[in-house]
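Secondary and tertiary structure notes
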Amino acid sequence: MNLNDNYEMTIDGKGVTAPSMIDVVNPANGDVFSQAPDCTKEQLDAAVESSRKAFKTWRKVPIEERAALLKKAGDALLAQASDMARLFTREQGRPVEAAEQEIMGAGQWLHAVAQMRPPVHVSEDSDAQHIETRYVPLGVICAIAPWNFPVNLAVWKIAPALLAGNTMVLKPSPFTPLCTLKMGELFRDIFPPGVLNIISGGDSLGPLMTAHEGFDKISFTGSTATGKSVMESASKDLKRLTLELGGNDAAIVLPDVDVNEVAQKIFFGAFFNTAQICVATKRLYVHEDVYDQLRDSLAAIAKGVKVGDGTEQGTVLGPIQNKRQYDRVMNLLDDAKANDLQLIEGADIPEGGGYFVPVTIVDNPPEDSRVVQEEAFGPILPMLKFDDIDDVIERANDTDYGLAGAVWSKDTDKAVEIAHQLETGTVWINQNLNLRPDTTFGGHKQSGFGSENGMEGLLEFMAPQSVYVAKA
Ligand code: NAD
């Protein structure tokens, strides 16, 4: 694949540009460095139409053959990971090595999902009758992805949807369209025309898609606020829906931890990708016996972590991905300052037009402060003291979100007991950010609706069909 500066959509198996373009900004300096097509309504119609047509044949392709093409798509992504990583860094901001890991991970994800098969449940097989429930594809999927893990989160949708026999029109975030468009180019000759259309555009394209009558299901990853609009839009014609939304994840650190052992892991569980992770630790509850020691360790790590342009050697954390998010994070920081919260700042940030925010630990703020109550989605981590387990579980659960959580303790039985009381879709014990293609992922409460990944994620792209066969 030619990683030139020519970004086209993929519609009906062909590279397509648009009458107007959207700017793509490098968040490390704030400069427009490229452009992506701004899909028109007519082009969206054409993409949906081509997916509808392709569905008629793709659904009949044996699953083994569909899986083989997904495997090929995984190979293609793995082969391009190193070249694509630099483009990823320019549009997303994450340091090159970690960018490459995301693209490699997406390739491996395609391989892993290609091995999955939907079940067939037999409820009776007697002389009188055979009854079984099988799973059939839904049709054309409207897939919408965010900017924090643009390649990975697109592949979380593409792989199971196509394996199941659906076709798809996928839209990346306007902030990070380029790697996804290149992925479309890469897959153009692998999948038959119309099976995977990839389009890009500005803020108006998402609502146009979710309102489009040609889709059978919406698979959406993004903020809870947008998720609510998507759900409203889907209600008009009862489109199937999966929503992967925001989180305000709590981690609970018990007094028996070895702080030296856990500090690095806790730090990167909160700040990796400059804290722009739906399942990052966003509220850190620490037992009072180890609070000061852990706070000082995290502060020391923060001082030593280089924040800067992801293309520079030694950079560990990049900028905030876009100006809109940068302004939100700065607003939270200003609020914390205005309320005299104790802030511990990490290493210096680069000067200039980049969207950099210093790693900031907020030392035991009140529970009702905005930095605790809101999803920061940026490098501001409130650390909160506790002395009573029941009380801290209540505080951890006292939120509309329910995505993930973590418990840190040498006593894993005790930690599991706490995990079972957390109202979240995922809980990690003495680890974090570990997500797998074979394990269900989804949010409780306002963090989501339905699941991705694992067998449940695959079946979200299928409908059960029970077949009753009378014998003799
Ligand atoms: P966002 O909701 O602003 O945008 C997500 C996508 O939706 C983008 O492609 C955007 O163009 C599109 N969009 C915007 N308005 C729309 C509308 N009215 N109708 C249809 N589509 C619309 O989210 P974001 O800022 O890109 O991503 C950050 C958020 O995503 C955070 O809240 C984060 O926690 C969440 N997130 C969740 C998961 C998860 O799996 N649960 C994963 C990553 C990010």
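Everything that follows concerns the structure shown earlier in this document.
Summary of the structure given here. (Residues numbered from 1 in each chain as written. Predicted model: local features only at pLDDT ≥ 70, side-chain atom pairs only at ≥ 80, totals over all residues. Heavy atoms only, no water.)

Examining the site of the ligand
Within the structure, the ligand sits among 28 residues, and A145, S223, T226, L245 and E375 are positioned closest to it. Interatomic distance of 2.8 Å between a side-chain N/O atom of S223 and an oxygen atom of the ligand. At 2.8 Å from a nitrogen atom of the ligand is found a main-chain nitrogen or oxygen belonging to L245. Protein chains bury 88% of the 860 Å² of accessible surface belonging to the ligand in isolation. Here the ligand is seated within the largest pocket. Of all elements in the fold, only α6 (205-210), β10 (217-221) and α7 (224-235) reach the threshold of two or more residues within the shell around the ligand. For the shell around the ligand, the element with the highest residue contribution is α6, accounting for three residues. Counting only domains with at least three residues in the shell around the ligand, you end up with domain 1 (9-245 + 447-470) and domain 2 (250-436). (Near = heavy atom within 4 Å. Polar contact = N/O pair within 3.5 Å; in protein donor to acceptor, adjacent residues only side chain to side chain. Areas by Shrake-Rupley, 256 points an atom, 1.4 Å probe, with all protein chains shown as cover. 1 Å grid on protein atoms, 1.4 Å probe; cavity = no way out; pocket = protein on both sides within 12 Å on 5 of 7 lines; lining within 4 Å. Sits in = over half its atoms within 2 Å of the grid points. Helix = DSSP H or I, 4+ residues; strand = E, 2+ residues; numbered from the N terminus. Domains from an automatic or database assignment.)

Overview of the pattern of salt bridges
Overall, the coordinates contain 25 salt bridges when judged by the stated rule. Between K41 and D45 there is a salt bridge, with its nearest N and O atoms 2.8 Å apart. Of this pair, K41 and D45 are both found in helix α1 (residues 41-58), four residues apart, which corresponds to roughly one turn of the helix. Overall, the relative accessible area of 36% leaves K41 in the partly exposed class. (Salt bridge = Lys/Arg side-chain N within 4 Å of Asp/Glu carboxyl O. Buried < 20%, exposed > 50% of the residue type's maximum accessible area, 1.4 Å probe, protein only.)

Some remarks on the packing of helix α8 (residues 259-271) against helix α9 (residues 288-304)
For the pair α8 and α9, interaxial distance at closest approach is 9 Å and the crossing angle is 55°. Classified by the interaxial angle, the pair formed by α8 and α9 is oblique. Crossing of α8 over α9 shows right-handed handedness. Residues V259, N260, A263, Q264, I266 and F267 of α8 touch α9, and the partners they reach there are V290, Q293, L294, S297, L298, I301 and A302. (Axes fitted to C-alpha atoms, helices over the stretch in contact; angles between N-to-C directions. Parallel < 35°, antiparallel > 145°, perpendicular 65-115°, else oblique. Left-handed = near helix turned anticlockwise from the far one by under 90°. Contact = heavy atoms within 4.5 Å.)

Quick word on the sheet that holds strand β15 (residues 360-363)
One open sheet accounts for seven strands, arranged β14-β15-β16-β13-β12-β17-β18; its pairing is mixed. Each of the sheet's edge strands pairs with one partner strand only, and the pair in question is β14 (343-345) and β18 (426-429). Neighbour-to-neighbour, the strand axes of the sheet open up by a mean angle of 20°, direction not taken into account. Pairing analysis gives four bridges linking strand β13 (residues 281-287) to strand β16 (residues 380-386), with the strands arranged parallel. Residue pairing across strands places L284 opposite M383, the latter belonging to β16. Each of β12 (249-253), β13, β14, β15 and β16 is contacted by α9, which is oriented at about 140° to β13, the strand it contacts most. (Pairing = 2+ DSSP bridges.)

By themselves, these observations are geometric and do not establish any function.
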